[in-house]
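Close look at the chain arrangement
Here is how the chains run, residue by residue.
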Amino acid sequence: QSGAVISVVNREGVRTWISPSVEHVLGYPPEAMIHVNVLNDPIRDRENQERLRLLLADALAHPGQPVKGEIATRAANGSVRTFEVFATNLLDDPAVEGIVLNARDITDRLRVEARLEETDLRFRTLIEQIPAVTYLKQAEGEQRILYISPQMETLFGYPRSRSLENPNFWWEIMHPDDVERIAAEEERIAREQAPYRLEYRQRRPDGSYFWVRDEAVLVRDAQGRPLYW
């Protein structure tokens, strides 16, 4: 498995076997890793040594049950790689007689997730400054609201939870004289799946009505399937 290293340690944490893939993943020759106690291995800092110690202790306490942790390890070239590690206590298995550590390199995945989180934060910061309500709505099925900006509360007077929890909320606060017209437009939009612009009236909590302009475009996945408005 690409990016994976499997090793076996005894009850004291001494490594008795390691897969040859360690040389490709971390740059260390397998023979240099054997008979090393992983609990004081210099390829990890103090924090990650403690994480590994706790992981092994958890494995010892739960024989036969895989337990999981994230451990960072320094490669031979000086870079630090983060691994998702599954530890399984097979000390009582005559064919193994050790704790099996299955470590998968997730460094690149974590970097992508961090970038996506940063992008999401920038997106939210931007749209939450715009004096309009921004939303994401399912394109198919119940057409639930997936996200709605805080302006929902200041401009409409309702908590965001109302629209997130109730797919019919927008219809419930729509002016009765607009419902039939907008329902017909919704049917057309569902067929054509084209950008739309609708104008209708909504009811505030105090009973008064106000006009809104609702504009949306359809977002699709890489295969062209509708995701959300």
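Quick look at the structure, then. Note that the structure is a prediction, hence the values are computed from the model and not measured.

When helices and strands are tallied, the protein shows eight helices and 11 strands. At 28 Å, the protein has a C-alpha radius of gyration far larger than the 17 Å of a compact globule built from 229 residues. The dimensions of the protein, computed from C-alpha atoms along their principal axes, are 80 × 35 × 30 Å. Relative to its full complement of 229 residues, the protein shows a buried share of 36%. The long-range fraction of contacts in the protein, counting pairs at least 24 apart against all pairs at least 6 apart in sequence, stands at 36%. Just so you have it, the protein exposes about 13800 Å², and 51% of that area is on carbon and sulfur atoms. Taking the average location of the 29 positive side-chain charges in the protein and that of its 37 negative ones, the two points are 3 Å from each other.

Here we take up empty space enclosed by the protein. All chains considered together, the criterion is met by one cavity of 30 Å³ or more. Lining the largest cavity are 17 residues; nearest its centre among them are Ser-7, Arg-15, Arg-44, Thr-73 and Ala-103. Secondary structure elements with two or more residues in the lining of the largest cavity: strand S1 (4-9), strand S2 (15-18), helix H1 (21-26), strand S3 (67-74), strand S4 (80-90) and strand S5 (98-105). Within the lining of the largest cavity, the residues separate by chemical class into 13 nonpolar, two polar and two charged.

With that out of the way, let us pick up the layout of surface pockets. Counted as a void, the largest pocket has a volume near 670 Å³. Tyr-135, Trp-170, Tyr-200, Asp-214 and Glu-215 are the residues nearest the centre of the largest pocket, which is lined by 31 residues in total. Taken together, the elements giving at least two residues each to the lining of the largest pocket come down to helix H4 (107-127), strand S6 (135-137), helix H5 (151-156), helix H7 (169-172), helix H8 (176-192), strand S8 (196-203) and strand S9 (209-216). Among the elements that line the lining of the largest pocket, the one with the most residues is S9, at seven residues. Here the residues of the lining of the largest pocket sort into 22 nonpolar, three polar and six charged.

Attention now moves to the pattern of salt bridges. Scanning the entire structure with this criterion turns up 17 salt bridges. For Arg-111, the salt bridge goes to Asp-108, with nearest N and O atoms at 3.6 Å. Taken together, the residues Arg-111 and Asp-108, both in helix H4 and three residues apart, mark about one turn of the helix. A network of salt bridges, in which partner residues are shared, links Arg-81, Asp-105, Asp-108 and Arg-111.

This paragraph deals with the sheet that holds S3. In space, the five strands of this open sheet follow the order S2-S1-S5-S4-S3, with antiparallel pairing throughout. Either end of the sheet is taken by a strand with one partner, and the two such strands are S2 and S3. Strand-to-strand twist in this sheet, taken as the mean axis angle between neighbours without regard to direction, amounts to 30°. Across three bridges, the pairing between S1 and S2 is antiparallel. What sits directly across from Ser-7, in S2, is Ile-18. Against the sheet, helix H3 (residues 46-61) touches S1, S3, S4 and S5, its axis set at about 150° to S3. Contacting S3, S4 and S5, H4 crosses the sheet at an angle of about 120° to S4.

Further remarks concern H8. Helix length check: H8 (17 residues) gives 25 Å between terminal C-alpha atoms against 24 Å at 1.5 Å per residue, within 8%. Inspection of H8 places Asp-178, Ile-182 and Ile-189 among the buried residues, and these make up the whole buried set. Against the buried residues of H8 lie H7, S8 and S9. Phi turns positive, to about 50°, at Gln-193, one or two residues after H8.

The rules behind these values
- Residues numbered from 1 in each chain as written.
- Predicted model: local features only at pLDDT ≥ 70, side-chain atom pairs only at ≥ 80, totals over all residues.
- Heavy atoms only, no water.
- Helix = DSSP H or I, 4+ residues; strand = E, 2+ residues; numbered from the N terminus.
- Rg over C-alpha atoms; globule rule 2.2 N^0.38 Å.
- Buried < 20%, exposed > 50% of the residue type's maximum accessible area, 1.4 Å probe, protein only.
- Contact = heavy atoms within 4.5 Å.
- Areas by Shrake-Rupley, 256 points an atom, 1.4 Å probe, with all protein chains shown as cover.
- Lys, Arg positive; Asp, Glu negative; His and termini not counted.
- Charge placed at Lys NZ, Arg CZ, Asp CG, Glu CD.
- 1 Å grid on protein atoms, 1.4 Å probe; cavity = no way out; pocket = protein on both sides within 12 Å on 5 of 7 lines; lining within 4 Å.
- Points joined across faces, edges and corners; volume = space filled by probe spheres on them.
- Nonpolar A, V, L, I, M, F, W, Y, C, P; charged D, E, K, R; others polar.
- Salt bridge = Lys/Arg side-chain N within 4 Å of Asp/Glu carboxyl O.
- Pairing = 2+ DSSP bridges.
- Axes fitted to C-alpha atoms, helices over the stretch in contact; angles between N-to-C directions.
- Expected span 1.5 Å × (residues − 1).

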